[in-house]
Amino acid sequence: MLKTRIITALALLAVLLPVLFFNYFPAFALVVTLFVGAAVWEGARLFGLNESKARVFGFIGGGLFVLLMYSAKPGAVNALYGVAALLWLIRYAPTLGLGLPQLGTAANWSLAITFTFAVFAAFFALVGLYLKSPLYLLSVMVLVWIADIGAYFSGKAFGKRKLAPTISPGKSWEGAVGGAVAVLVLAAVSIVLAGGAAPWLQDTFAFRLQARFGWAVALLVLLVLVMFSVIGDLFESQLKRRAGMKDSSNLLPGHGGVLDRVDALVPVLPMAALVSSWI
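This write-up is about the structure you can find in this document. Keep in mind that this is a model prediction, so the values were computed, not measured.

Moving on, we get to the overall build of the protein chain. Scanning the protein chain from terminus to terminus reveals twelve helices and two strands. Reading the protein chain from its N terminus to its C terminus gives the helix and strand order α-α-α-α-α-α-α-β-β-α-α-α-α-α. Compactness check: the protein chain gives a C-alpha radius of gyration of 18 Å against a globular reference of 19 Å for 279 residues, within 12% of the reference. By principal-axis analysis of the C-alpha atoms, the protein chain measures approximately 55 × 50 × 40 Å. For the protein chain, buried positions account for 48% of its 279 residues. When the accessible area of the protein chain is evaluated, it comes to approximately 13,700 Å², of which 72% is carbon and sulfur surface.

This is the structure in structure tokens:
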């Protein structure tokens, strides 16, 4: 399994790193569209569609994403980010305590439609942040990855109180706090270095956020993003548990599916993109 995970990770890096840093937008747009189609397909399966219908849904989702990506106006895209952020706040986060509707019900299909909207918003944000610069996009994604890594190690070392035992028994409150602390420390260090030894770090989300709003607001926003990265992870875990699936798919051998890799990013990317529009 470890060998499979390493091979898949190296293959993904071999594709994604050149696409990111050669700054050739058509190639980036193609890769993102493929990921959108896969994520929509996986989401449809998690919400109860059979395989053939889910595939059709995925193809339609990918095509619609391309159409909207090249025709949407900036104001409409910002509104998309805002609605997605609101959905995570008032629709998806509460399900972690209240539970999900049963498969096959009208409430389930309503949730499926809005979640597809949220996935679209996340990938639109991915494109929007990339257009600022590949480094700027990575600076947002790294926040989520550091939160996950910090949560893993602090949870292993100190975890005692379960965060969501019926959804993801391996996660703890101590892990979540450790992940948040890791992000805040990393962001603070990067901001300080950007003003001195590493000026190239000025092209990052954390630095621009602090430069525009000051330390208190910057750290608060980063803390909120970390919180929603945890919510995104737990929400997808809840969907998989309800559907009786270990992974959203097996598209990425050893790593599960696309949604398994981006679950924590789905709420964070639109929120970061919305904040970036104010910086």
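Within this structure, the stated rule accounts for seven salt bridges. Between E236 and K240 there is a salt bridge, with its nearest N and O atoms 3.7 Å apart. In this pair, E236 and K240 are both assigned in helix α10 (residues 215–243), four residues apart and thus about one turn of the helix distant. Like K240, E236 is buried.

This part covers the nonpolar core. In terms of nonpolar packing, the biggest core is built from 80 residues, with W88 and F205 touching the most fellow members. When residues in this core are grouped by element, the largest group, 15 residues, is from helix α6 (residues 106–132). Sequence-distant contacts of W88, that is, excluding residues within four places in its chain, are made with A93, P94, F115, A118, F228, I231, G232, F235, V266, P267 and M271.

This part covers the side chain of K240. Under the relative-accessibility criterion, K240 is labelled buried at 11%. In this view, K240 contacts L46, M245, K246, D247, S248 and D260; residues no more than four positions away in its chain are not counted.

This brings us to helix α2 (residues 25–46). Compared with the 32 Å implied by 1.5 Å per residue over 22 residues, the 31 Å span of α2 between its first and last C-alpha is a close match. Counting buried positions along α2 gives 16 out of 22 residues, so the element sits mostly inside the fold. Downstream of α2 by a residue or two, G48 has a phi angle that is positive, lying close to 110°.

This part takes up a nonpolar patch on the surface. Residues V177, V181, V185, V189 and L193 make up a contiguous nonpolar surface patch of roughly 400 Å² in combined accessible area. Here V189 is to be found in helix α8 (residues 173–194). V189 sits in the partly exposed class, given a relative accessible area of 42%.

Where helix α7 (residues 134–158) meets helix α12 (residues 265–276), the closest approach of the two axes is 10 Å, and the angle between their N-to-C directions is 135°. One finds that α7 runs oblique with respect to α12. Relative to α12, α7 is oriented so that their crossing is right-handed. Between α7 and α12, the contacting residues are Y136, L137, V140, M141, V144 and W145 on the first element and L265, V268, L269, A272 and S276 on the second. Looking at side-chain class alone, the contact of α7 with α12 contains ten nonpolar, one polar and no charged residues.

Here strand β1 (residues 162–164) pairs with strand β2 (residues 168–172) via two bridges, running antiparallel. Within β2, the position partnered with A164 by the bridge is S168. Counted along the chain from β1 to the antiparallel partner β2, the turn is three residues long.

The tally for this structure, following the rule as stated, stands at 15 aromatic pairs. Summarising the aromatic geometry, the rings of Y136 and F205 are spaced 6.2 Å apart at their centres and angled 75° between planes, so their arrangement reads as edge-to-face. Residue Y136 is found in helix α7, and its partner F205 is found in helix α9 (residues 205–213); the two are separated by 69 residues along the sequence. Aromatic ring contacts, followed pair by pair, group F47, W88, Y92, F115 and F235 into a single cluster. Positioned over the ring face of Y136 is K132, at 5.7 Å from the centre of the ring.

By the element assignment, M245 lies in the loop between α10 and α11 (258–262). Separated by 200 residues in the primary sequence, M245 and R45 place their C-alpha atoms 9.7 Å from one another. Other than its neighbours up to four places away in sequence, M245 contacts R45, L46 and K240.

A few words on helix α3 (residues 51–69). In this model α3 runs 27 Å from its N-terminal to its C-terminal C-alpha over 19 residues, within 8% of the 27 Å that 1.5 Å per residue would give. All of the buried residues in α3 are A54, G58, G61, G62, F65 and M69. Burial along α3 is one-sided: seen end-on, the buried residues are contained in an arc of 95°. For α3, exposure combined with an orientation more than 90 degrees from the buried face picks out K53, F59, I60 and L67.

Parameters at a glance
- Residues numbered from 1 in each chain as written.
- Predicted model: local features only at pLDDT ≥ 70, side-chain atom pairs only at ≥ 80, totals over all residues.
- Heavy atoms only, no water.
- Helix = DSSP H or I, 4+ residues; strand = E, 2+ residues; numbered from the N terminus.
- Rg over C-alpha atoms; globule rule 2.2 N^0.38 Å.
- Buried < 20%, exposed > 50% of the residue type's maximum accessible area, 1.4 Å probe, protein only.
- Areas by Shrake-Rupley, 256 points an atom, 1.4 Å probe, with all protein chains shown as cover.
- Salt bridge = Lys/Arg side-chain N within 4 Å of Asp/Glu carboxyl O.
- Core = buried A, V, L, I, M, F, W, Y, C linked by side-chain atoms within 4.5 Å.
- Contact = heavy atoms within 4.5 Å.
- Expected span 1.5 Å × (residues − 1).
- Patch = residues over 30% accessible without salt bridge, like charges linked within 9 Å, V, L, I, M, F, W, Y side chains within 5 Å.
- Axes fitted to C-alpha atoms, helices over the stretch in contact; angles between N-to-C directions.
- Parallel < 35°, antiparallel > 145°, perpendicular 65-115°, else oblique.
- Left-handed = near helix turned anticlockwise from the far one by under 90°.
- Nonpolar A, V, L, I, M, F, W, Y, C, P; charged D, E, K, R; others polar.
- Pairing = 2+ DSSP bridges.
- Phe/Tyr/Trp six-rings, centres within 6.5 Å; stacked < 30°, edge-to-face > 60°.
- Lys NZ or Arg CZ within 6 Å of the ring centre and 35° of its normal.
- Arc of directions from axis to C-beta.

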